[in-house]
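# Structure assessment
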Amino acid sequence: MQTDLRGRDLITTQEWTKDEIETLLDVAFDLKRKRALGESHAILRDKVLAMLFFFSSTRTRASFEAGMAQLGGHAMFIDSKTTQISHGDTAKEIGEILGRYSDGIAIRQVDWDFGNQYIREVAEASRVPVLNMQCDVYHPFQILADLMTIIENFGRDLRGKTINVSWAYAASYQKPISVPQSLVLLMTRFGMNVRLTRPPEYKLMPDIMAQAQENSRYSGGSFEVFEDFDEGFKGADIVYPKSWGALLTTTDNEESARIGKQYTNWICDEERMSFTPNHSIYLHCLPADRNVEVADGVIDGPHSRVYDEAENRLHVQKAAMALTMR
Ligand code: CP
């Protein structure tokens, strides 16, 4: 068991060993149990987390803020638009300065071809750990919460389980590709059969695909790409259909919307769920476009675990903060 995680950044799960991820999960399950029993766990008393947002959030902000309070510390909300960041504070200055005020810096910066680079520049300048609350490439805490939810349903040994990470249509906005990328990276490390199902215009980054392939070779699982929406559901234990932008095809929002309109029938409905076994679970990071991306009957139905999944954000983030910010 790897327990020496003090001071470590968490920008992508790829930079943590499998043993370190297992430790984080052990602590998350322990903290979930303690909260259920009402046991105090003020591990980070007097500590401060600076939370810097360049993009809107419901779950991420609320769960980090609640988590810090439950650990006995304080989370400081900083909005890029209402601070001098909008007038030129640089990433280096943010890393230096917030690192002197706080014990950890968490950042959401999802701008395409920029967010990850920004977070890494802050981390380079910071004396305290930097936690990635979502960038253009990765969304590590979402995927750790997803893994915790999968373990709650299928147990710790996930070898041979099939997960279908699928694109689905949404009309609201061009969502980042960080969720499917982080999913294929993490699930391939646990010996799972990972399917990426998407139309040809919705490819993921080539180096992420290569890393996922390498992960699956090492773990003894598999990693396949499907282009048929229905095929992806067949026999899958876990289905995760969600929308993302055609960002590797075009960064033009209007063109991207035109491409998406070819695939409005890529909705996760009861018929698609009937292709999965009775024990299958439906996951979505939320927010979802109801009755466009997923039918109410699925997201509110017996296969859905979306509320457990959202809850588990709290527990994995508390575990990461407790391990890295002590
Ligand atoms: N899933 C997720 O990250 O939710 P928010 O965008 O609301 O934080």
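So, here's what we can say about the structure. The structure presented is a predicted model; accordingly, all values stated were derived computationally and were not measured.

## Remarks on the overall build of the chain
Helix and strand content of the chain: 12 helices and 9 strands. Computed over C-alpha atoms, the radius of gyration of the chain comes to 19 Å, within 12% of the 20 Å expected from 2.2 N^0.38 for 326 residues, which places it in the range of a compact globule. Referenced to the eigenvectors of the C-alpha coordinate spread, the extents of the chain come out at roughly 50 × 45 × 35 Å. Across the 326 residues of the chain, 57% fall into the buried class.

## Thoughts on the environment of Ile 119
Relative to the assigned elements, Ile 119 resides in helix H4 (residues 115-125). For the pair Ile 119 and Gly 220, spaced 101 residues apart in sequence, the C-alpha to C-alpha distance is 32 Å. Setting aside residues up to four positions removed in sequence, Ile 119 forms contacts with Ile 11, Ile 107, Val 130, Asn 132, Gln 134 and Cys 135.

## A few points about the site of the ligand
The full set of residues close to the ligand is Ser 57, Thr 58, Arg 59, Thr 60, Arg 108, His 139, Gln 142, Cys 285, Leu 286 and Arg 313. One of the side-chain N or O atoms of His 139 is found 2.9 Å from an oxygen atom in the ligand. Arg 313 has a polar side-chain atom sitting 3.2 Å from an oxygen atom of the ligand. When isolated, the ligand has an accessible area of 260 Å², and the protein chains bury 92% of it. For the shell around the ligand, the class distribution of residues is 2 nonpolar, 5 polar and 3 charged. Taken together, domain 1 (13-139 + 312-324) and domain 2 (142-309) each give at least three residues to the shell around the ligand, which thus spans both.

## Section: the sheet that holds strand E8 (residues 238-242)
Strand order in the open sheet formed by 5 strands is E7-E6-E5-E8-E9, and the pairing between neighbours is parallel. Sheet topology places strand E7 (222-226) and strand E9 (281-282) at the edges, where each strand pairs with a single neighbour. For E8 and E9, the ladder comprises 2 bridges, and the chain directions are parallel. Pairing of Val 239 across the sheet is with Tyr 282, part of E9. Together, strand E5 (162-167), E8 and E9 form the strand contacts of helix H5 (residues 140-154), whose direction differs from that of E8 by roughly 150°.

## Quick look at the packing of aromatic side chains
Pairs of aromatic rings are described using the distance from one ring centre to the other and the angle between the two planes. Per the counting criterion, the structure on display carries 13 aromatic pairs. Relative to Phe 77, the ring of Phe 53 lies with its centre 5.6 Å away and its plane at 40°, an arrangement referred to as tilted. Residue Phe 53 is found in strand E1 (residues 48-53), and its partner Phe 77 is found in strand E2 (residues 74-79); the two are separated by 24 residues along the sequence. Of the residues examined, Phe 77 reaches a relative accessible area of 35% and is grouped as partly exposed. Judged by centre distance (5.9 Å) and plane angle (75°), the rings of Tyr 263 and Trp 266 are edge-to-face. In textbook terms, an aromatic cluster arises when at least three aromatic residues are bridged by ring pairs, as seen for Trp 167, Tyr 169, Tyr 202, Phe 229, Phe 233, Tyr 263 and Trp 266. Sitting above the plane of the Phe 77 ring, Arg 61 keeps its charged end 3.6 Å from the centroid. Here the basic side chain of Lys 234 rests over the ring of Phe 275, its NZ or CZ set 5.8 Å away from the ring centre.

## Side note on helix H1 (residues 18-37)
Given a rise of 1.5 Å per residue, 20 residues ought to cover 28 Å, and the 29 Å separating the end C-alpha atoms of H1 matches this to within 8%. Glu 20, Ile 21, Thr 23, Leu 24, Leu 25, Val 27, Ala 28, Leu 31, Lys 32 and Lys 34 are the residues of H1 that are buried. Considering only its buried residues, H1 is in contact with H5, helix H6 (178-187) and helix H12 (306-324). Count one or two residues on from H1 and you reach Gly 38, which has phi positive near 75°.

## Observations regarding the pairing of strand E4 (residues 130-135)
Counting buried positions along E4 gives 6 out of 6 residues, so the element sits mostly inside the fold. Bridge count between strand E3 (residues 104-109) and E4: 4 bridges; the pairing is parallel. The residue of E4 that forms the bridge with Ile 107 is Asn 132.

## Quick look at the pattern of salt bridges
For the coordinates displayed, the defined rule picks out 22 salt bridges. For Asp 26, the salt bridge is made with Arg 156, and the minimal N-O distance between the two is 3.0 Å. Taken together, the residues Asp 26 in helix H1 and Arg 156 in the loop between H5 and E5 connect sequence positions 130 residues apart. Using a relative accessible area of 35% as the deciding quantity, one classes Arg 156 as partly exposed. Notably, a salt bridge pairs Arg 290 with Asp 296, separated by 2.8 Å at the nearest N-O pair.

The rules behind these values
- Residues numbered from 1 in each chain as written.
- Predicted model: local features only at pLDDT ≥ 70, side-chain atom pairs only at ≥ 80, totals over all residues.
- Heavy atoms only, no water.
- Helix = DSSP H or I, 4+ residues; strand = E, 2+ residues; numbered from the N terminus.
- Rg over C-alpha atoms; globule rule 2.2 N^0.38 Å.
- Buried < 20%, exposed > 50% of the residue type's maximum accessible area, 1.4 Å probe, protein only.
- Contact = heavy atoms within 4.5 Å.
- Near = heavy atom within 4 Å.
- Polar contact = N/O pair within 3.5 Å; in protein donor to acceptor, adjacent residues only side chain to side chain.
- Areas by Shrake-Rupley, 256 points an atom, 1.4 Å probe, with all protein chains shown as cover.
- Nonpolar A, V, L, I, M, F, W, Y, C, P; charged D, E, K, R; others polar.
- Domains from an automatic or database assignment.
- Pairing = 2+ DSSP bridges.
- Axes fitted to C-alpha atoms, helices over the stretch in contact; angles between N-to-C directions.
- Phe/Tyr/Trp six-rings, centres within 6.5 Å; stacked < 30°, edge-to-face > 60°.
- Lys NZ or Arg CZ within 6 Å of the ring centre and 35° of its normal.
- Expected span 1.5 Å × (residues − 1).
- Salt bridge = Lys/Arg side-chain N within 4 Å of Asp/Glu carboxyl O.

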